[in-house]
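# Structural features, examined
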Amino acid sequence: MNHFEKESLGLFPTPMYRLPNISRELGTNVWIKRDDLCGVALGGNKVRKLEYLLRDAKAKGYDLVMTTGQAQSNHAMLTAACALRMGLACILVLKKRGVTARKGNQILNHLMGVEVRYLDTDSYEDIYREMDRIGTELGRKVYKIPCGGSNALGTLGYIDCMGEVADSGVHFDHLVCACGSGGTAAGCVLGAKLHLPETKVMCAMVDNDPFEKIVPQLMREAAELLGVQVEIPVPDLLEMWGPGYSIPSAEGNEAIAMMMRLEGIVLDTCYTGKAFAGLVRRAREGFYKPDDNVLFIHTGGAGGLFAQDWEKEE
Ligand SMILES: *Cc1c(COP(=O)(O)O)cnc(C)c1O
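Not measured: the values here are computed from a predicted model. (Residues numbered from 1 in each chain as written. Predicted model: local features only at pLDDT ≥ 70, side-chain atom pairs only at ≥ 80, totals over all residues. Heavy atoms only, no water.)

### Let's talk about the domain arrangement of the chain
Counted only if it meets this: A domain assignment, automatic or from a database, supplies the domain bounds used here. Contacts: residue pairs with any heavy atoms within 4.5 Å of one another. Two parts placed together each lose some accessible area; with a 1.4 Å probe, that loss summed over both constitutes the buried area. The salt bridge definition used is simple: a Lys or Arg side-chain nitrogen within 4 Å of an Asp or Glu carboxyl oxygen. When residues are grouped by polarity, Ala, Val, Leu, Ile, Met, Phe, Trp, Tyr, Cys and Pro land in nonpolar, Asp, Glu, Lys and Arg in charged, and all others, Gly among them, in polar.
Segmenting the chain into domains produces domain 1 (16-44 + 150-313) and domain 2 (46-148). Put simply, the middle of domain 1 and the middle of domain 2, counted by C-alpha atoms, are 24 Å apart. Facing the 29 residues of domain 1 at the interface are 25 residues of domain 2. With both chains or domains summed, domain 1 and domain 2 bury close to 2,100 Å², and 59% of this area falls on carbon and sulfur atoms. A per-residue breakdown of the area domain 1 buries against domain 2 is headed by Val40, Leu153 and Ala307, which together make up 24% of the total. Across the domain 1-domain 2 interface, the total number found is two salt bridges. Across the salt bridge formed by Glu164 and Arg48, the nearest N and O atoms sit 2.9 Å from each other. A class-by-class count of the residues in the side of domain 1 that touches domain 2 yields 12 nonpolar, 13 polar and four charged.

So, in structure tokens, the structure goes:
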């Protein structure tokens, strides 16, 4: 396997343990991997990707990074936090849709003093063009990190996470993660193929992009990067976006309340609440056996939770 250097930014391995109350409630053994506790800002899955991406930026001599996402992007906030720690300048070029008010992750962006520019577009092509334009205007080379850090190099982060799970020695029958831009799902599915061959991975789609194409494509590119010959698995994708990307769903909000009430763990409305709702739905449909071990990957997102107006959707 080819080896890629990564920056040490998070506290890994993250904690992993069984959730006794949720397990009782759902009639199977539910475990959690706390990537929300990885030690940068409010934690989250982007840190594993950024360890590779920002090391690559530094190694190639860039001193300015840019990334994008929606206004409350956890990924953008974490990119800024990690880049600044490494002494790299950072500009966030975000989509104007969503909550642009100084709430949630925008508070953290403000505290970091990171420059945020909004573009009134729904096309990431427009955004990447704008990044190039800003770079030319500033006369600086720009290391562009795609939305969610989901490219082949970023995908290596969750292949490593599956290695961490394998190192724990606990056997998992099932694993559940959220799928928002595809890199985490691709890393989990390919990483499970390499490190946890008996574990079935379910990816809860929180956006209606064509993940049946995106996830296998990222897996192919990551496998090529690593120089491994594997048959690319067909991902098990579950529709969980509900009313739409980053719009809370009733099922997701129930799952968030269950996790908070029974285990004292904070999920978010955009990703982890909907992903956990997918696990709950499958448990209630009898998809898991009573003695199965089911691992939920907590990918973070607390910042976005606090940008939601909870009264409005009653
Ligand atoms: C970005 C994000 C995801 C989705 O991960 P992708 O790799 O973009 O699919 C899941 N949970 C949280 C909290 C996120 O911020």
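### So, the packing of helix α7 (residues 183-195) against helix α8 (residues 211-226)
For clarity, the threshold we go by: Axes, fitted as lines to C-alpha atoms, cover a helix only where it is in contact. Angles between the N-to-C directions of the axes lie from 0 to 180 degrees. The secondary structure listing takes helices from DSSP runs of H or I that are at least 4 residues long and strands from runs of E that are at least 2 residues long, numbered from the N terminus. What sets the label is the angle itself: under 35 degrees gives roughly parallel, over 145 gives roughly antiparallel, 65 to 115 gives roughly perpendicular, and the rest give oblique. A clockwise turn of the near helix away from the far one marks a right-handed crossing, whereas an anticlockwise turn of less than a right angle marks a left-handed crossing.
Two elements in contact, α7 and α8, have axes whose closest approach is 9 Å; the angle formed by their N-to-C orientations is 60°. It follows from the interaxial angle that α7 and α8 lie oblique. Considering the relative orientation of α7 and α8, their crossing is right-handed. Contacts between α7 and α8 involve Gly183, Ala185, Ala186, Val189 and Leu190 on the former and, on the latter, Val215, Leu218, Met219, Ala222 and Ala223. Of the residues assigned to the contact of α7 with α8, the class counts are nine nonpolar, one polar and no charged.

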